[in-house]
Structure formats: structure tokens, C-alpha cells
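Observations on the model geometry
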Amino acid sequence: MRMVDLIIKKRQGETLSRREIAFWIDGYVKGIIPDYQTSAMAMAILFKGMNEEEVINLTDLMEHSGETLDLSNLKGVKVDKHSTGGVGDKTSLVLGPMVVACGATLAKLSGRGLGHTGGTLDKLESIPGFNIAISGERFTNQVNDIGIVIAGQTQSLVPADKKMYALRDVTGTVESIPLIAASVMSKKLAAGTDAILLDVTLGNGAFMKDIDQARTLAKLMVKIGNGLNRDTRAVLSNMNEPLGMAVGNALEVKEAIAALRGEGPEDLMELCYTGGAVMLEQAKLCKDQAEGRKMLEQCIKDGSAFNKFVEMVKAQDGDIEYILHPEKFQVAKNIVPIYAKQSGYVKSIDALEIGLSSMRLGGGRETLNDVIDMSAGIMLNKKVGDKIASGEVLCYLHSNKDVDVINKISKDVAKSFEITKDFVEKPRVILEIIQ
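Report follows, based on the coordinates. Because the structure is a prediction, the values reported are computed rather than measured. (Residues numbered from 1 in each chain as written. Predicted model: local features only at pLDDT ≥ 70, side-chain atom pairs only at ≥ 80, totals over all residues. Heavy atoms only, no water.)

Before going further, it helps to spend a moment on the pattern of salt bridges. Following the criterion strictly, the structure yields 27 salt bridges and no others. Linking K30 and D26 is a salt bridge whose minimum nitrogen-to-oxygen distance equals 3.1 Å. Taken as a pair, K30 and D26 lie in helix α2 (residues 18-30) at a separation of four residues, close to a single helical turn. Two residues, R138 and D317, come together in a salt bridge whose shortest N-O distance is 3.1 Å. Placement of the pair is R138 in helix α7 (residues 136-146) and D317 in the loop between α14 (304-315) and α15 (321-324), with a sequence separation of 179 residues. Assessed through its relative accessible area of 35%, R138 is described here as partly exposed. Shared partners join several salt bridges into a network, and the residues in it are D80, K108 and K188. (Salt bridge = Lys/Arg side-chain N within 4 Å of Asp/Glu carboxyl O. Helix = DSSP H or I, 4+ residues; strand = E, 2+ residues; numbered from the N terminus. Buried < 20%, exposed > 50% of the residue type's maximum accessible area, 1.4 Å probe, protein only.)

Overall, mixed pairing links the six strands, which are arranged β3-β2-β1-β4-β5-β13 in an open sheet. In this open sheet, the two edge strands, each paired with only one partner strand, are β3 (148-152) and β13 (430-434). Direction aside, the axes of adjacent strands within the sheet are offset by 20° on average. In terms of strand pairing, strand β1 (residues 78-83) meets strand β4 (residues 195-202) through five bridges, oriented parallel. Paired with D80 across the strands is I196, a residue of β4. On the sheet, helix α10 (residues 211-227) packs against β4, β5 (231-238) and β13 and is oriented at approximately 165° with respect to β5. (Pairing = 2+ DSSP bridges. Axes fitted to C-alpha atoms, helices over the stretch in contact; angles between N-to-C directions. Contact = heavy atoms within 4.5 Å.)

So, on to the pairing of strand β11 (residues 393-399). Counting buried positions along β11 yields six of seven residues, so the element is predominantly enclosed. Of the strand pairs in this sheet, strand β7 (residues 334-339) and β11 are connected by six bridges, and their pairing is antiparallel. Bridging from a neighbouring strand, N334 pairs with S399 of β11. In terms of strand pairing, strand β9 (residues 377-380) meets β11 through four bridges, oriented antiparallel. Across the sheet, residue M379 finds its bridge partner in β11, namely Y396.

And the structure:
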């Protein structure tokens, strides 16, 4: 078998067998098949696609290209949640403790943010002392003791994806839906959970820009998960504006704390209640999603979800004083308001621009080696559909950069808000549930 023959076969739109895909993935991970041939294969897949059987085989082989976690000795049904990324997406920090407070088990491996999207690990590391390097026996013990852990991925997990993702990023093949689906699902399946909820974001601030594209990806990932014997479901969520009010690591952690105390923004809570209800149904802890939602509302009301978050932070060496007293978090030295220049209603907020501006303020990274300013970011004061008066604050920029730099960024942020005199309805955050 020769790699060049497989590239030509896929270039002609033919179906690759499991044996042929295994030859490619195994050879690539071992360094026998070079980057340039995998680049050619990725481009052929981008143009010619893959059928469902091919994608399931590719995902399975990528999943088993390295270490996989065996969580079979952990108590309860293990649930996991994955977001395809967005702006202000602190959902895992809220949703995880909520579903665990209702009896589920969450053993979650997360990643870092890059570009305009934030990473769960970066947000958690804004809590002084918080340790993401939880693995082995400590990982297992923590899940059995308190039901929840959110940690970093190990280097030995899905090495095929690590190599291929970096290659796709520089060869113009990131947009391939089969390769996106295999990348996401191979990591989730290797993490060993029983059930997976996928939050497929769409809109200006997400990778998927339209609902048809997002639905295609969501349905494919659900079929992959179910085809590999994991209960997999998806929600399509709106990322045409930032989720919640806070964008930036410490700012988002403080908003997550407020949410767990029953003071969260409406759109964030709706996503957590809807997604959480699906997860509780997957864990067989409720008869239907309506009952699951009531359970989640109760765990916010009685404080058990907040207490579970405190338990997780303490178990992972974080300073819980920052959770009990969020005012302890470091505040940026410069907080600059952006004012509305006309009265009316907020018609749209460019989530992509807000995310990129937060990054430039110091709240994100352009390369994996960039150091994040945990206090930097943007706090929205208005959302789409809100009424606003001329001179009222649209948002606040938080940064430790020079005022001249902030002033340049502020012009871009001001342009990201569109105001109209006509009434604007508040957008729905949950667009569809796929199961």
C-alpha cells in the first residue's frame, strides 16, 4: 500500500477503507508518512468529503492513536460537554457544577484559547493556585470524591489530532467538516466518558457562520458518537453576540460565580439550563428534560451548584477565598467606558470584533506562547435588544496596556455596536437540539 495511491483515490472522490485510513493515520503518527502527503490528503478530503462510515473509522483510529482514559471504575454515568468555541463562553464553569450537584459525574479534559475564542483552562487559571495538571490516580480520586474535575489534556492523548490540527491550520484545510468532526470527537471519545453533549456555536463569533453548516457538523458528530457507542447529542447556540456580559478570563470567572449564585445573565443561564437538562437525561437522572431543568433550577436556588464549584476549586489547589469573595480578583488599572452616540435599540454586537479586541487588550493570545493578562477583557453593559440612550455606556474595556493603545482599540469596539431607532427583539440563544 502506498500513500500516494490513497491520495489519488480520495482526490477522485472514492471511498477509503478502514484498512487504508489505518495505514495513513498509523504511518503519520510514527513519522513514516510525511506532512506533505497528509496535507495533500487533507486537501482532497476538503474538496471531496467523506461518507459517514469513513468519518467514523477516521475518528476511531485517531482516538486510538495514543493513550485513552479508562473511566469504567468511576462512579455514576460520566457526562462531558464540548463547545466548538465562541466569545464569552464560560458555560463549562457553570454547567459542570450544576449537573454534578444534580447527581451526574463530570470528568472533563479542556483546552486553552487561541485568537478570539477563550479557553476553559485559561479562565480557571485566573483563580490563584488553580491546578489544571490533574491526572492518574489523583484524577480518579477527585471524580469519585466530589464528582467533578476539569483538567488539561495529556500529551499522549490523540497524538494524530495534535499533529494533524497544526498541519491543517497552515495548509488551508481547517474548514473540512469531516476533519473537524473527527478532531473534536476523537478527543472527546478518548477521554472515556459515557455521554457527550456538543454545543455547536454559530454566527459571527463562531467558526460556523450559518445554521445549515452548523447543523451538518452537529448531526455528523452525533452520528459518530452514537456509532461508537456513546450517547451523543448537540445543541446549536447563537454566537452572533458574546455569551453573557463578560469577555476575558477573570471577568468571566466572576460572572460564572455570579451565575452559580443565581445572578447570571439570561442567555448564559438559558444555555446552561437547556444543555444541562439534556445531560441529566443522558445520565438517566430525570425522566425528561423538563424535569431536568427543574432540578437544575433548584441546585442554583439552594446553593448546591455553587458549593460544588467551591469543592472543585479547593480540590485543585485553587484559593477558594476568591470564589467566596470575587472582589479579591485583580482589577485592570485602566477601565475605559465606551459610550453610545445615539439613542435607540442595540441591533447587533460584532462578537468577533469583541473577542479580537479583548485579545488585543491582553485578555487572549495570538500564539500559544503568548502570556495572558488575566484581568484584561471587556464587560458589556448592553446586549442585543436592549434600549439605550445617547451617552449611556455600551461596555467597559479592562486593560493594563497604555491608554494610547486602549484608545485605538476602543474605536474598533465602538464600531462593533449597531444601534437602530426601531424596536429589536432579544435573540434566542438555543436555536435547535439534535439528538
